[in-house]
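Coordinates in review
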Amino acid sequence: MKIGCDFDSVLVKRRGIPTTSDVWSDPPMDRAVDSLWLFFNNKIDFYILTNRYEGEWLQIKAWLEKWNFPPVKLITNVKQPGTTIYLDDRAYRFTSWNDFRKLII
């Protein structure tokens, strides 16, 4: 199993819509740290999949270290081959086009 985990509003708790807080000082989402440690300790492959530009990836790594997340092998904006689950706060579980059309129209 390989998990692609979004950063904003999945690992880091963002505030406001649109977000008005400073991401680098925001705390983790509830249970995020222990959940990633659960993945790590059970040898579940995971990586950070973010839309943030590459220049911020070192800041993401520093934020993860600050909050005692387990070591992360990869921070990227490219979905990795073999990923079985994507954790994202903006995702919609696709079942069919008919179901999706009912949602938006």
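Computed from a prediction, not measured in an experiment: that's the story for all the values here.

Moving on, we come to the pattern of salt bridges. Applying the stated criterion across every chain yields a total of three salt bridges. Put simply, Asp8 and Arg52 hold a salt bridge, and the shortest N to O gap is 2.8 Å. Linking Asp8 in the loop between strand S1 (2-5) and helix H1 (32-41) with Arg52 in the loop between strand S2 (45-49) and helix H2 (57-66), this pair joins segments that are 44 residues apart in sequence. Here the two residues Asp8 and Arg52 agree in accessibility, since each one is buried. Between Glu56 and Arg52 there is a salt bridge whose closest N-O contact spans 2.9 Å.

Within the sequence span of H1, burial applies to Ala32, Leu36 and Phe39. Looking down the long axis of H1, one finds its buried residues gathered within 50° of arc, a one-sided arrangement. Structural note: H1 exposes Leu38 and Asn41 on the side pointing more than 90 degrees away from its buried face. Note on H1: the residue one or two positions beyond its end, Lys43, has a positive phi of about 55°.

The rules behind these values
- Residues numbered from 1 in each chain as written.
- Predicted model: local features only at pLDDT ≥ 70, side-chain atom pairs only at ≥ 80, totals over all residues.
- Heavy atoms only, no water.
- Salt bridge = Lys/Arg side-chain N within 4 Å of Asp/Glu carboxyl O.
- Helix = DSSP H or I, 4+ residues; strand = E, 2+ residues; numbered from the N terminus.
- Buried < 20%, exposed > 50% of the residue type's maximum accessible area, 1.4 Å probe, protein only.
- Arc of directions from axis to C-beta.

By themselves these figures say nothing about function.
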